[in-house]
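Take a look at the letters that make up each chain.
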Amino acid sequence: MNRKIDNDVISQFKKQLTQEERAPATIEKYLRDVKKFCSFAGIGVEITKETAIEYKRWLQQHYEINSANSMLAALNLDLQTGV
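Residues numbered from 1 in each chain as written. Predicted model: local features only at pLDDT ≥ 70, side-chain atom pairs only at ≥ 80, totals over all residues. Heavy atoms only, no water.

S.K.: Provide a residue-level description of the overall build of the chain, including the pertinent values.
M.R.: Counting its secondary structure elements, the chain contains 4 helices and 2 strands. Seen through its principal axes, the chain has C-alpha atoms that stretch 35 × 25 × 20 Å. Burial statistics for the chain: of 83 residues in total, 33% are counted as buried. Long-range contacts, defined as pairs at least 24 residues apart, comprise 64% of the intrachain contacts of the chain with a sequence gap of at least 6. Positive and negative side-chain charges of the chain, numbering 12 and 11 respectively, have mean locations separated by a distance of 2 Å. (Helix = DSSP H or I, 4+ residues; strand = E, 2+ residues; numbered from the N terminus. Buried < 20%, exposed > 50% of the residue type's maximum accessible area, 1.4 Å probe, protein only. Contact = heavy atoms within 4.5 Å. Lys, Arg positive; Asp, Glu negative; His and termini not counted. Charge placed at Lys NZ, Arg CZ, Asp CG, Glu CD.)

S.K.: With reference to specific residues and values, describe the nonpolar core.
M.R.: Residues I5, F13 and F37 are the most contacted members of the largest nonpolar core, which totals 21 residues. For this core, the secondary-structure elements that each account for two or more residues are α1 (7–19), α2 (24–41), α3 (49–62) and α4 (65–81). Element by element, the count of residues in this core is highest for α2, at 7 residues. (Core = buried A, V, L, I, M, F, W, Y, C linked by side-chain atoms within 4.5 Å.)

Here it is in structure tokens:
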């Protein structure tokens, strides 16, 4: 299922992370990573599997593999939670 990530979704994601008692540094990192994806794909743009694959390739070209995987983890968490 495709979905859009906009400012409301990001706010809800932050609220959920806070309710889960995530560390403030973790919350900031996850939000930064989701916003980086939005900078790549566009805010409010429908996210498809193809977009996610393109983003993964872009990250792999610009970051070390561990950093790229960490950035993808935040995005994956946001999409899995359905926030």
